[in-house]
Number of protein chains: 2
Amino acid sequence: MVDNCDVLIIGAGPAGLMLGCWLARTGIKTRIIDRRAEKITRGHADGVQCRTIEIFQSFGMAERIQKEGNELSEVVFYNPDKNGILVPTLRIPDTEPNTSRFRHVVLTQGRIEDFLIDCMEADGLTVERSISPVSLEYSEDPAETHPITVKLEHLVPVNDSSDASSGLYRSNIISQSVETPSAGVEKTEEIKAKYVVGCDGARSWTRSQLGFSLEGDSANIYWGVLDARPITNLPDIRVKVVLHSADSGSLLIVPRERNLVRFYIQMGTLQPGEKLDASAQSPQKIIESAQRILTPYTLECPEVEWWSVYEIGQRICKDVSFNNRVFLAGDAFHTHSPKAGQGMNVSMMDSYNLGWKLAACAKGLANPSILDTYAKERIEVARQLIEFDHKFSRLFSGKPAVAESEGISIEEFQAMWVRMGKWTSGTAVKYEPSLIVAERSVGKAQLARNIIIGSHFESRMVVGYADAHAIHLADRLVSDGRWRLIVFAGNMENITQLQRFNDLCDRLMNAEESPIKKHTPPSADVNSVIEVLTLTSSPRRGLQYAAFPELARPLVGKFGYPTYDQIFSDEVSYLDGSGEAYAAYGVDPNGPGCVVLVRPDQYVSDVLGFERCVKKLGLFFDGFMILDGPKCG
Amino acid sequence: MVDNCDVLIIGAGPAGLMLGCWLARTGIKTRIIDRRAEKITRGHADGVQCRTIEIFQSFGMAERIQKEGNELSEVVFYNPDKNGILVPTLRIPDTEPNTSRFRHVVLTQGRIEDFLIDCMEADGLTVERSISPVSLEYSEDPAETHPITVKLEHLVPVNDSSDASSGLYRSNIISQSVETPSAGVEKTEEIKAKYVVGCDGARSWTRSQLGFSLEGDSANIYWGVLDARPITNLPDIRVKVVLHSADSGSLLIVPRERNLVRFYIQMGTLQPGEKLDASAQSPQKIIESAQRILTPYTLECPEVEWWSVYEIGQRICKDVSFNNRVFLAGDAFHTHSPKAGQGMNVSMMDSYNLGWKLAACAKGLANPSILDTYAKERIEVARQLIEFDHKFSRLFSGKPAVAESEGISIEEFQAMWVRMGKWTSGTAVKYEPSLIVAERSVGKAQLARNIIIGSHFESRMVVGYADAHAIHLADRLVSDGRWRLIVFAGNMENITQLQRFNDLCDRLMNAEESPIKKHTPPSADVNSVIEVLTLTSSPRRGLQYAAFPELARPLVGKFGYPTYDQIFSDEVSYLDGSGEAYAAYGVDPNGPGCVVLVRPDQYVSDVLGFERCVKKLGLFFDGFMILDGPKCG
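Since the model is a prediction, treat every value here as computed from it, not as a measurement.

Rules of the game
Residues numbered from 1 in each chain as written. Chains lettered and ligands numbered in written order. Predicted model: local features only at pLDDT ≥ 70, side-chain atom pairs only at ≥ 80, totals over all residues. Heavy atoms only, no water. Helix = DSSP H or I, 4+ residues; strand = E, 2+ residues; numbered from the N terminus. Rg over C-alpha atoms; globule rule 2.2 N^0.38 Å. Buried < 20%, exposed > 50% of the residue type's maximum accessible area, 1.4 Å probe, protein only. Contact = heavy atoms within 4.5 Å. Lys, Arg positive; Asp, Glu negative; His and termini not counted. Charge placed at Lys NZ, Arg CZ, Asp CG, Glu CD. pLDDT = per-residue confidence, 0-100. Phe/Tyr/Trp six-rings, centres within 6.5 Å; stacked < 30°, edge-to-face > 60°. Lys NZ or Arg CZ within 6 Å of the ring centre and 35° of its normal. Pairing = 2+ DSSP bridges. Axes fitted to C-alpha atoms, helices over the stretch in contact; angles between N-to-C directions. Parallel < 35°, antiparallel > 145°, perpendicular 65-115°, else oblique. Left-handed = near helix turned anticlockwise from the far one by under 90°. Nonpolar A, V, L, I, M, F, W, Y, C, P; charged D, E, K, R; others polar. Buried area = accessible area lost by both parts, 1.4 Å probe. Salt bridge = Lys/Arg side-chain N within 4 Å of Asp/Glu carboxyl O. Polar contact = N/O pair within 3.5 Å; in protein donor to acceptor, adjacent residues only side chain to side chain. UniProt positions renumbered as here; feature names shortened; annotations may be inferred. Least-squares fit on C-alpha atoms with pLDDT ≥ 70 in both. Arc of directions from axis to C-beta. Disulfide = S-S within 2.5 Å.

1. Section: the overall build of chain A
From N to C terminus, chain A includes 15 helices and 28 strands. The C-alpha radius of gyration computed for chain A amounts to 26 Å, which stays within 12% of the reference 26 Å derived for 633 residues, consistent with globular compactness. Going through the 633 residues of chain A one by one, you find that 62% of them count as buried. Restricting the contact set of chain A to residue pairs at least 6 apart, pairs at least 24 apart contribute 75%. Of the side-chain charges in chain A, 67 are positive and 81 negative, and the distance between the mean point of each set is 2 Å.

Here's what the structure looks like:
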């Protein structure tokens, strides 16, 4: 029995589940399998960065993270004073101002996965567990629509409590092989897929099938990690603490949900070639290391919820796609140390980058060449991550220079921490020009000084024209696979500008060269492939809602209901401020306006003036859209 | 078979479910029954006022209303100009500034009930449906702990689609009797209860058992109500519209969730003694009335989700409790017209007022005399509501004075609307002195100029001392049955003030006269009956966390974990403003400080200076707490 699907996702951790959310939301026939019989509940990753929460918001579930997680507010650095006594040396916000409308939150990976699973299931996709892939074959036949064949074994689950207990931190100890516990094979199955994505972690089966490998090195330093409810006289146990002791090693404290605290604790060094001895580790040993480092502060941990030991190392896979048919995402292509809270986030960002592209290709809407941008965009991010972590983790594990002693510079470390704040928040990612990211230019930058082509579209508060709601503009950039044209319409009380805007809308709606005209199926709503969002600089009273052209407030659905959520004003709201969007985006409120093309994943593809913009947009979409392909899944 | 329970709730509408949430949360043995086989899903009430959302927040579920509901931002008044043509005459925010941190939201009653049910079920209480009470007996025997016997019939449910279709608006047409549809009686059952609460609506069975009746009158005017997705050229269909036409009647438009719009539409008048003919009503008739009133604007409603017709009337029951054993709440004791969005809100507020008192009595902690305050506090609110609605609904239904014609004054109506904004938000409720609300005095008012004894404790942003979180102080006033002492500690960098604060905490923790000492069971955590929340005017760096007295950061639980969420600073947070709490509460940041006693339902019981406050608090609690009663349920 062979099952055909568009996409097979191997591995239901954060990367796999994020991909599942995209594919389920966009209606792609998908299967997602995992070898484990049970999902994790405790321990593992826990940092949720700003940009990740922005993406959760685009799927309509950010509030779940905010409610359950612990928002981090402050970071305190403790270092030895000139007598070697630990003192706080710097106190800064954990999220730098103007990074995002969201803040870093800490919440166990298990709950993040729960939210993704709920989102996916609401769109009809469920994880299939206790399934292990055993072979992957690829057909070169160009007529084959589903060229990949994967053989699966349905395992008989055993009662696996390895997770609830503890163990080595899997994503970093890649040399250690962990067999899937099973009581045998129940049945085998063959799947034929258009695409396969390996989200199967640091010891990725998919990666080994492709013959790819992780490359990198290890620092021969190992750390312990512990989730516990501590009793301590350290006054800063509920903020993030970054601590270098004079002689006993370093420590990171991350206060968590449910009064938990995560400790990252420097344990020791390994000789070159020496392997970390898992059997010699225990929570007691980790706590003893922490007590030494924290002296003179006390620490007791009556309840330990999870613990692990990991070796510092950075490894990356230089190939992440095979023929644009099989892809790797997350730990399968990059592993590093966990303390900067990047792992789970960058992994989800990988598959978030890939999801909408796969969906467009699986539907026959886009040319597979857009899949090239996945490797290009994400390998660069992974490379930066590895480079950052290499430096960061060595500074973190270094003995500080105290008084005249030799050691790492605490000032350099603290400065690096602050400087990297935007980068670690995930909001600094900038994709380079490609089929789907236009070249930057001085002229474009003048139209919208603070909108960067290749970066994500930053959110600002605006006011709904029809409903007077103050809302974040990014709340309209939902992850549903649609492109958006954000039209900075300018001052609608200026007759000339209003006429220019009306002309633009008319051409976008009716000109043969318009991508909306070309790529929207005749039977579909005009906003179903590219949605136009209009932001006026003039207030709501300047022009009646009904006076806007139809493209700005299209009639949709069976009954032709007008839409009321596509036009916004940059005015001051009754109760929530706003009125600063044009200034923040760097667009002249009395100028000629501009058009910002935003990808389905919220990254800015291009910034254009009104003139000839319809033709230019048409050519841009011609670069990767299939004109005569099937128009709807 | 007789089942004993502490509280029997009859009726699982908003009032009954809110009560269920309280009793389940506080661990009271409760049953909640409803005659209907199915809960409602469409139509009925939909306005959720600010104060109601504050209370939902105290149960940890406000975000569900905010996410699903439509937040109202603006109200526009349309009135005839001097030629009788409809024009907008006033545009104001729907929630006045400084009313609450929340806004009015519109969401169908069915979803509000779902949230309450989920909350209740998380604490182990489930609605039992298709159960009808048939008799209620009361035993005068003072030795009887469960003096009320209620006989129940478990009905065989029939497929009742009366709700999904439509009908008369039940809560107002009290003369109309609606039988519980059933295919017979499956079994009967007897319950013996300490308390019974009738939350069974305008035609309350409980009320009739007590021999109480609703009194009031009707305006002989009837209105239609309709939930639909409209197609209209009225530009303001997504904000609230309050409209008086010159000659065709009045209309209210409330934009809803899921692109629905609720219309309240004036239909006609009845002759004295004439009954509204239900069979003559239809959605078409309602839409035709709306079209007449809205002229020259057009209106089509291709999809009607729910409709009803109701007669304007106000009725109130002057007795709401029998021997402090049987109570009425919600529509069972007051009915009125729905347009001000008060019904569902005031009903939930009734049972929210009652719940914690019943819990304290059922546990034997408080003297039943506190139950007297339920009738006293809520009858006054109901009386104000009836008085307001009587005037409001007549002005709403009145023909406006246009040019020289006779009629109601639009200016008066608009002014009343604005003036009543705080009242209709639910935040203006002020309870009068009683066993649990102290007398006001000039001296107390000077300690905290903007904290009103008898009003709810208003929320301000403060900064968590231990975690640097900017949080709303009211987020710590959770509905768990505990009293709170909010200590405005003042400036902790002033040694004298610090010493005064330390002395206060010492006396509260150790003095025999302290209510904490008297009423906290020896085996329980010190914060389990009265929780102390400390707000300093000095910044977090002014005094180390560990330097606060133990009462302010008590050690709790089996392992004696320190608490980190009871001390706050009125400082500017990193990212969220704040630092204005002392000013907003009207407390001198460099003064002697004060203590605010807050009831479990967030209403302020008293404001005291530090001097002799422990003794005064002890005497206050002596007024209603049972010293030698069982200390825990």
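There is more to say after this.
2. Some thoughts on the confidence of the model for chain A
All names here are of chain A. The pLDDT averaged across chain A works out to 93; a share of 95% of its residues lies at or above 70. Confidence drops under pLDDT 50 across residues 162–178; counting only partners more than four residues distant or on other chains, this segment forms 54 contacts. Confidence metrics for the complex model read pTM 0.94 and ipTM 0.92.

3. Focus: the packing of aromatic side chains
Residue and element names in this part refer to chain A. By the definition in use, this model includes 68 aromatic pairs over all chains. Relative to Phe624, the ring of Phe621 lies with its centre 5.4 Å away and its plane at 40°, an arrangement referred to as tilted. The class of Phe624 is buried, set by a relative accessible area of 2%. Taken together, the ring pairs connect Phe77, Trp223, Phe388, Phe392, Phe396, Phe413, Trp417 and Trp423 into an aromatic cluster. Between Arg325 and the ring centre of Tyr195, over which it is positioned, the NZ or CZ distance is 5.1 Å.

4. Section: the sheet that holds strand 16 (residues 299–317) of chain B
Residues and elements named next belong to chain B. Across the sheet, which stays open at both edges, the eight strands sit in the order 6-5-13-14-15-12-16-19 with mixed pairing between neighbours. This sheet does not close on itself; its edge strands, each paired only once, are strand 6 (86–93) and strand 19 (334–335). Relative to strand 6, strand 5 (residues 74–80) is paired through seven bridges, and the arrangement is antiparallel. Its bridge partner being in strand 6, Pro80 is matched across the sheet by Leu86. Across the face of the sheet, helix 8 (residues 372–397) comes into contact with strand 12 (214–232), strand 13 (240–244), strand 14 (250–255), strand 15 (261–269), strand 16 and strand 19 while running at roughly 125° to strand 16. Along the sheet, helix 9 (residues 410–419) makes contact with strand 5, strand 6, strand 13 and strand 14, crossing strand 5 at roughly 170°.

5. Considering the pairing of strand 28 (residues 604–608) of chain A
One face of the sheet, then the other: side chains in a regular strand alternate in exactly this way. Residues and elements named next belong to chain A. Across the five residues that make up strand 28, a large majority, five, are buried. In the sheet, strand 27 (residues 594–598) pairs with strand 28 via four bridges, with the strands oriented antiparallel. Bridge pairing links Val596 to Val607 in strand 28. Adjacent in sequence and paired antiparallel, strand 27 and strand 28 are bridged by five residues, among which Gln602 carries a positive phi angle near 75°.

6. Regarding the packing of helix 1 (residues 14–25) of chain A against helix 4 (residues 109–122) of chain A
All names here are of chain A. For the pair helix 1 and helix 4, the least separation of the axes is 9 Å and the interaxial angle reads 15°. Relative to helix 4, the element helix 1 lies roughly parallel. Relative to helix 4, helix 1 is oriented so that their crossing is left-handed. Residues Pro14, Leu17, Met18, Gly20, Cys21, Ala24 and Arg25 of helix 1 pack against Gln109, Glu113, Leu116, Ile117, Cys119 and Met120 of helix 4. Its residues assigned to classes, the contact of helix 1 with helix 4 comprises nine nonpolar, two polar and two charged.

7. A look at the interface of chain A and chain B
With 40 residues of chain A in contact, the opposing surface of chain B contributes 40 residues. Between chain A and chain B, a total of about 3600 Å² is buried, with carbon and sulfur atoms accounting for 57% of that surface. For the chain A face of the interface with chain B, the top three residues by lost area are Tyr561(A), Tyr574(A) and Leu575(A), together amounting to 17%. The tally of links from chain A across to chain B stands at six salt bridges. A salt bridge links Arg540(A) to Glu74(B); the shortest N-O distance between them is 2.9 Å. One can count 20 residue pairs in polar contact (both at pLDDT 80 or more) joining chain A with chain B. Secondary-structure elements contributing two or more residues to the side of chain A that touches chain B are helix 3 (62–68), strand 4 (70–71), strand 6 (86–93), strand 12 (214–232) and strand 16 (299–317) of chain A. Considering every element that reaches the side of chain A that touches chain B, the biggest residue donor is strand 12 of chain A, with four residues. Partitioned by chemical class, the residues of the side of chain A that touches chain B number 18 nonpolar, eight polar and 14 charged.

8. What about the environment of Glu190(A)?
Residues and elements named next belong to chain A. Along the chain, the position of Glu190 falls in strand 11 (residues 185–198). Classification of Glu190 as partly exposed rests on a relative accessible area of 29%. Spatially, the C-alpha atoms of Glu190 and Val150 are 5.7 Å apart, while their sequence positions differ by 40 residues.

9. Points about the sheet that holds strand 4 (residues 70–71) of chain B
Residue and element names in this part refer to chain B. As summarised here, the arrangement of the three strands in space is 3-7-4, forming an open sheet in which the pairing is antiparallel. The outermost strands of the open sheet, each flanked by one partner alone, are strand 3 (47–48) and strand 4. The sheet contact formed by strand 3 and strand 7 (residues 105–106) spans two bridges and is antiparallel. By the bridge assignment, Gly47 is partnered in strand 7 with Val106.

10. A look at the UniProt feature "domain: FAD-binding" (unreviewed entry) in chain A
All names here are of chain A. When the UniProt feature table is mapped onto this chain numbering, "domain: FAD-binding" (unreviewed entry) sits at residues 5–137 and 186–388. The span residues 5–137 shows a helical share of 32% and a strand share of 32%, and its end C-alpha atoms are spaced 15 Å apart. Here residues 186–388 runs as 27% helix and 38% strand, with 45 Å between its end C-alpha atoms.

11. Overview of the relation of the copies chain A and chain B
It takes a turn of 180° to lay chain A on chain B, together with a shift of 0.0 Å along the axis; the resulting RMSD is 0.0 Å. Seen this way, the second copy is the image of the first under a two-fold rotation axis. Looking at the rotation axis and the C-alpha trace of chain A, the residue lying nearest is Glu63(A), at 3.8 Å. Mapped onto chain B, 100% of the interface residues of chain A are again interface residues, and the two copies thus contact each other with one and the same surface.

12. Some details on helix 15 (residues 613–622) of chain B
Residues and elements named next belong to chain B. Of all the positions in helix 15, only Cys613, Val614, Leu617, Gly618, Phe620 and Phe621 are classed as buried. Around the axis of helix 15, the buried residues are gathered within 160° of arc, so they sit on the same side. Looking at the buried positions of helix 15, the neighbouring elements they touch are strand 22 (483–490), helix 12 (495–510), helix 13 (515–519), strand 23 (530–536), strand 27 (594–598) and strand 28 (604–608).

13. Brief notes about the UniProt feature "domain: Phenol hydroxylase-like C-terminal dimerisation" (unreviewed entry) in chain A
Sequence positions flagged by UniProt for "domain: Phenol hydroxylase-like C-terminal dimerisation" (unreviewed entry) are, in local numbering, residues 429–626 of chain A. End C-alpha to end C-alpha, residues 429–626 of chain A measures 28 Å, and it is 21% helix and 20% strand.

14. Observations concerning the state of the cysteines
Covalent bonding between the sulfur atoms of two cysteines defines a disulfide. For the structure on display, the rule yields zero disulfides over all chains. Here Cys594(A) is not disulfide-linked; the sulfur of Cys613(A) is the nearest cysteine sulfur, at 9.8 Å. You can call Cys594(A) buried: its relative accessible area is 0%. The thiol of Cys50(B) is not disulfide-bonded; the next cysteine sulfur, from Cys21(B), is found 20 Å away. When its relative accessible area of 0% is taken as the criterion, Cys50(B) is described as buried.

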